[in-house]
Amino acid sequence: MRKVYSLVSLTKNRESKDAVLSLNIKQIQYPEQTREFDSRLTKTGRRSLSHSISHSSTDSNSSDAENPEDEVSPRDMQQINSKGNMDFCIKNIKLADFGRREIELAEDEMTALMALRKAAQGEKPLAAAKIVGCTHVTAQTAVLFETLKVLGAQCRWAACNIYSTQDEVAAALAEQDFPVFAWKGESEDDFWWCIDRCVNVEGWEPNMILDDGGDMTHWIYKKYPHLFKKVKGIVEESITGIHRLHQLSKAGKLCVPAINVNDSVTKQKFDNLYCCRESILDSLKKTTDIMFGGKQVAICGYGEVGKGCSAALKAMGSVVYVTEIDPICALQACMDGFRLAKLGDVVRHVDMVITCTGNKNVVVREHMDLMKNGCVVCNMGRSNTEIDVNSLQTPELVWQHVRAQVDHIIWPDGKRIVLLAEGRVLNLSSSTVPIYVLSITATTQALALIELFNAPEGRYKQDVYLLPKKLDEYVASLHLQTFDAHLTELTDEQAKYMGLSKYGPFKPSYYRY
């Protein structure tokens, strides 16, 4: 055991009514070269992240009426913010005021991230950090971007999803001289162009990567591998990106340490479970106006996302079938009162099929040929390869665009299925997600970046790690303040009996919540 310096220590000013949190550098102990990482590998293929097959509308909250300005690609427009800065590419800089109001609304709900910003801004734990990011560009993630900037980081950003960008928020960021390259409705070529604009900059090289899906990491490995000489680490949010990192690690090609945020407790339980439990219903209502009571639904996958979707639909009166490959998750589904089945056995009579696996080809053409008229097909998993949409691009099938993010695929006999968001993640393409749970994920990402950037040489090797348990607990403690919740504290005798520190961590790394 040796002593090293870590980024985080928590103290409360107990004399203050608001209990202001401060962030101090404190000496803590770490086991020599201790590593926590998830060694489970999968054989999922790399997803095609942004292939746009049908010409769906890019705005789920407005009519499909064409705006003449929308016909001009942002790449072909020269835009300048009020300060004379042109280092961005967005839909319309004139939307900045509207986007700023949305960001301010998000800040009110993301109290933990704002507390972290207030506590750490004096010490600037990310001073000299140059972060290149590829995540969703929304009001909630904008609060994270601006927090990183307050903590001392320089950032450049692109979107990880071609449909999830809020153009007004991108404009607000650009107006504040934040280099952002994203707009709603990007083509595949636009998608990679935006990522390249973040990385290929004269006189600026990233030393940290924040990714959601592995696209930024993939692009740098493919086009600019020399940049990894300066990169201190990668923070990855999604299951798809984690699979890619493990594949690189297994092949001996992962040349920097990475923190797996997706499998942190706060991300799994709150973003994946509670977020999807609420947003699945909103997404389906906004796109289809469907009645849930009595509907038969097949949920593919019973991880945290599948659990959230299943619970929400069951509560609304739907009959829910679950498909699973993992016997443990399958047993959980049975104990929770769901019917475990193979998709091929129930696909003929279900009214909805929802994928939640992160895998590829979960729903293929053979399944869709068997579906009944009017069956709704959508994806809540991270990868957009779960539904084999490419197999629907055949001469005998007719695509009929109905409304934003809704397409009817019509068979020769007149049968039609309802495909939502072209198979991309539904809630971020067609609806919104609860701000509060995104605050949990964003705070986790910020702490992971601080941890990797400030870690002494040798603490992390070229592998994939879980977020230290102490930081997971810190994220949770920040959010408890919203509920006026009061934790019970261990006595000295109790702590000694349990073999714990009174201040945590309170569970071992292998504990499953």
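Residues numbered from 1 in each chain as written. Predicted model: local features only at pLDDT ≥ 70, side-chain atom pairs only at ≥ 80, totals over all residues. Heavy atoms only, no water.

Trainee: Can you walk me through the pairing of strand β17 (residues 406-410) in this structure?
Mentor: Consecutive side chains of a regular strand alternate in pointing toward one face of the sheet and then the other. Counting buried residues along β17, five of its five residues qualify, which places the element largely inside the surrounding structure. The alternating pattern of β17 places V406, H408 and I410 and D407 and I409 on opposite faces, both of which are buried. One ladder, built from five bridges, connects strand β16 (residues 398-403) with β17; its direction is antiparallel. Residue pairing in the sheet places W399 in a bridge with I409 of β17. Linking β16 to β17, which pair antiparallel, is a turn of two residues; within it Q405 sits at a positive phi near 65°. Bridging between β17 and strand β18 (residues 416-420) involves five bridges; their strand directions are antiparallel. In the strand pairing of β18, I410 is matched with R416. (Buried < 20%, exposed > 50% of the residue type's maximum accessible area, 1.4 Å probe, protein only. Helix = DSSP H or I, 4+ residues; strand = E, 2+ residues; numbered from the N terminus. Pairing = 2+ DSSP bridges.)

Trainee: Is there a simple way to think about the UniProt feature "binding site: NAD(+)" (unreviewed entry) in the chain in this case?
Mentor: As annotated in UniProt, the feature "binding site: NAD(+)" (unreviewed entry) corresponds to G303, E304, V305, G306, K307, G308, E324 and N427 in the numbering used here. Position of K307 relative to the elements: it lies in helix α9 (residues 304-315). Looking at K307, the relative accessible area reads 15%, which means it is buried. For K307, the residues in contact, after removing those within four places along its chain, are L273, Y302 and Q332. At 2.8 Å, the side chain of K307 and the backbone oxygen of Y302 are in polar contact. With respect to the helices and strands, the residue E324 is situated in the loop between β12 (319-323) and α10 (327-335). Other than its neighbours up to four places away in sequence, E324 contacts G301, Y302, G303, C329, A330 and L340. (UniProt positions renumbered as here; feature names shortened; annotations may be inferred. Contact = heavy atoms within 4.5 Å. Polar contact = N/O pair within 3.5 Å; in protein donor to acceptor, adjacent residues only side chain to side chain.)

Trainee: Can you help me understand the sheet that holds strand β11 (residues 296-300) in this one?
Mentor: Note on sheets: strands pair through backbone hydrogen bonds, and any given pair is parallel or antiparallel. Across the sheet, which stays open at both edges, the eight strands sit in the order β13-β12-β11-β14-β15-β18-β17-β16 with mixed pairing between neighbours. Each end of this open sheet is capped by a strand with a single partner; those strands are β13 (339-340) and β16. Direction of pairing for β11 relative to strand β14 (residues 352-355): parallel, over a ladder of four bridges. Note on β14: the bridge partner recorded for V297 is M352.

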